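Survey of secondary and tertiary structure
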Amino acid sequence: MTRAGSMQRRLLLLAALLLTLWVTWQVGHEPQDASVVGAPAASQRRLQPKPAASAAVRLPLQWPDRTDLGPPVADLFNLPAPPPVPQAAMATAMPVLVPPLQVKFMGRLDGIQAGFVFLTDANDRVITAKPGQSLGGGWQLASMDQRQLVFRHEPSGQLQTILIGATQ
């Protein structure tokens, strides 16, 4: 498209926008004509009689008595406290939240001081551990063999295994 055609198109769009705004403004500011539908003429307004001031009429109302009341409705905002839960049931009902095991296997030292493994923690620090040693966060290295490391979460007793060797 040529530069002149592009300019003409922009001017045409600008003119259309200005015309739309002007028409919208004109419609919003049209004078109200008394002969327009919906507005009664001044002479008609005078001829209509005013409603007479009447005394408030009170009707005797008798509500029927209800004989079948049915079960009472529970007040949801004023319920009694629930009965206490026995400690034995609470211990079995509430699971212990087990934090994730955030260690990775790096390697194993076999030989004279056999039984050490090298692990990295969540901060990528290298730590050494042997079976029975606590690793922090509630985890303990429970056992190890050629194929796997078994960790125990001390508060809950949950076990988690990391495979380290080739399975056959």
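Note that the coordinates shown come from a computational prediction; the quantities given were computed from them, not determined experimentally.

1. A short note on the side chain of T120
- Here T120 shows up in strand β2 (residues 116-120).
- What makes T120 buried here is its relative accessible area of 7%.
- Setting aside residues up to four positions removed in sequence, T120 forms contacts with Q102, V103, K104, M106, R125 and V126.

2. Describing a nonpolar patch on the surface
- A grouping of M7, L11, L14, L17, L18 and L21 is seen on the molecular surface, where their side chains present a nonpolar patch of about 600 Å² in accessible area.
- Tracing the sequence through the fold places L18 in helix α1 (residues 3-28).

3. A closer look at the nonpolar core
- Counting residues in each nonpolar core, the largest one holds 11 residues, listed as L101, V103, V117, L119, A129, W139, L141, L149, F151, I162 and I164.
- Mapped onto this core, the elements with two or more residues apiece are β2, β5 (139-144) and β6 (148-153).
- Those residues in contact with I164, other than ones at most four positions away along the chain, are F105, R108, D145, Q146, R147, Q148 and L149.

4. Comments concerning the pairing of β6
- The sheet contact formed by β5 and β6 spans 5 bridges and is antiparallel. Looking at β6, one finds that S143 is bridged to V150.
- Taken together, β5 and the strand that follows it, β6, pair antiparallel across an intervening segment of 3 residues.
- Note that β6 and strand β7 (residues 159-163) share 5 bridges and pair antiparallel. If you follow R152 over to β7, its bridge partner there is L159.
- Linkage of β6 to β7, two consecutive antiparallel strands, is achieved through a turn of 5 residues, within which G157 is found at a positive phi near 80°.

Cut-offs applied
- Residues numbered from 1 in each chain as written.
- Predicted model: local features only at pLDDT ≥ 70, side-chain atom pairs only at ≥ 80, totals over all residues.
- Heavy atoms only, no water.
- Helix = DSSP H or I, 4+ residues; strand = E, 2+ residues; numbered from the N terminus.
- Buried < 20%, exposed > 50% of the residue type's maximum accessible area, 1.4 Å probe, protein only.
- Contact = heavy atoms within 4.5 Å.
- Patch = residues over 30% accessible without salt bridge, like charges linked within 9 Å, V, L, I, M, F, W, Y side chains within 5 Å.
- Areas by Shrake-Rupley, 256 points an atom, 1.4 Å probe, with all protein chains shown as cover.
- Salt bridge = Lys/Arg side-chain N within 4 Å of Asp/Glu carboxyl O.
- Core = buried A, V, L, I, M, F, W, Y, C linked by side-chain atoms within 4.5 Å.
- Pairing = 2+ DSSP bridges.

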